[in-house]
Amino acid sequence: MKEYNITVVKTKNPAILKFESNHMLVKRQNYEFKNIDEAKNSPLAQQLFYLPFIKTVYISGNFVGMERYDIVEWEDVKDEVAQQLVEYLNAGEPVVIEAETDKPIAVTVYAEVTPNPATMKFVASKKIVGSMFEFKNIDEAKDSPLATQLFQFPFVKQVFIDDNYVSVTKYEVAEWDDITMELRELIRNFIAEGRDIVTTNAEPIQGNQAADPTQNIIQDELDDTSLEIIDILEEYVKPAVASDGGNILFKSYEPNSRTVNVILQGACSGCPSSTYTLKNGIETMLKNMMGDRVNEVVALNG
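If you check an unreviewed UniProt entry, the protein appears there as NifU family protein from Maribacter aurantiacus. According to the UniProt record, the Sequence similarities (unreviewed entry) comment for the protein is "Belongs to the NifU family."

Okay, structure coming up:
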């Protein structure tokens, strides 16, 4: 059974907060409910309207957005609302009762090159997963129907899935000009058919960032320098490497040598330019922001 975590995300509108889940909540469309009558097909939205300060409920992909009335401030109630969502979702209660239909989901997929010549990023026009997943062979992909299908191609070396994209790393036996169209159509058709990208048993490579930003490292056991490094990686580095179809995780900090160890995943793993990016980008940034507490950044391929 899925275990849900919720991350609270601010929006440009101070009256609206997003409560992001680590799993997809709905597949086919976006929903907006302005009152409990409109929410008759959403047991979750109906329950939320019992909170007197909820004005509007939005449900899309892996998040629930809520607009509040002015009688409260989000700072006073957001933790309580997030906990209520976690309890509701982990109880297995339905989010939206979506009508069964044979009509394909409207989605487009385009191919995007990455700094790693062995990896191509296939970007969908909609969110497809709520967490990151990496599969290095067909055995590891047993809980991802999409990755399993991709590994049917002998030239597919590994698959990385996050947010709205799939990064495929190939063996040298094939050229992108010969295989990109076939891979793009397979991924697009898979999403359009509404099939599960991953199953409930699939293990994400990292949990909810706010609750577990260091991939199962207990935050209470980390020193202040490690926590500061994590914050910098989350805010400044991760968005950049994600745009290239990859990911970076904090591994450890060695205070004696002032060495930061990180793990590179997806397109970043094995990328010829990753060493340059590491030394002239990440290492320079950490040195500038943290002074003499950082001497070197060492990367491990995920």
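So, on to the pattern of salt bridges. Overall, the coordinates contain 17 salt bridges when judged by the stated rule. A salt bridge links Glu67 to Lys55, with the nearest nitrogen and oxygen atoms 3.9 Å apart. Placement of the pair is Glu67 in strand 5 (residues 63–68) and Lys55 in strand 4 (residues 54–60), with a sequence separation of 12 residues. Take Lys55: its relative accessible area is 34%, and that puts it in the partly exposed class. Note that Lys238 is salt-bridged to Glu234, the shortest N-O span being 3.1 Å. A residue pair is termed a helical-turn pair when its members lie 3 or 4 positions apart in one helix, as Lys238 and Glu234 do in helix 5 (residues 224–243) at 4 residues. The class of Lys238 is buried, set by a relative accessible area of 7%. Through salt bridges with shared partners, one network takes in Arg68, Asp70 and Glu73.

The next point concerns the pairing of strand 11 (residues 246–254). Note that strand 11 and strand 12 (residues 259–266) share 8 bridges and pair antiparallel. Its bridge partner being in strand 12, Ser252 is matched across the sheet by Asn261. Between strand 11 and strand 12, which follow one another and run antiparallel, lie 4 residues, and Arg258 among them has a positive phi close to 55°.

Rules of the game
Residues numbered from 1 in each chain as written. Predicted model: local features only at pLDDT ≥ 70, side-chain atom pairs only at ≥ 80, totals over all residues. Heavy atoms only, no water. UniProt positions renumbered as here; feature names shortened; annotations may be inferred. Salt bridge = Lys/Arg side-chain N within 4 Å of Asp/Glu carboxyl O. Helix = DSSP H or I, 4+ residues; strand = E, 2+ residues; numbered from the N terminus. Buried < 20%, exposed > 50% of the residue type's maximum accessible area, 1.4 Å probe, protein only. Pairing = 2+ DSSP bridges.

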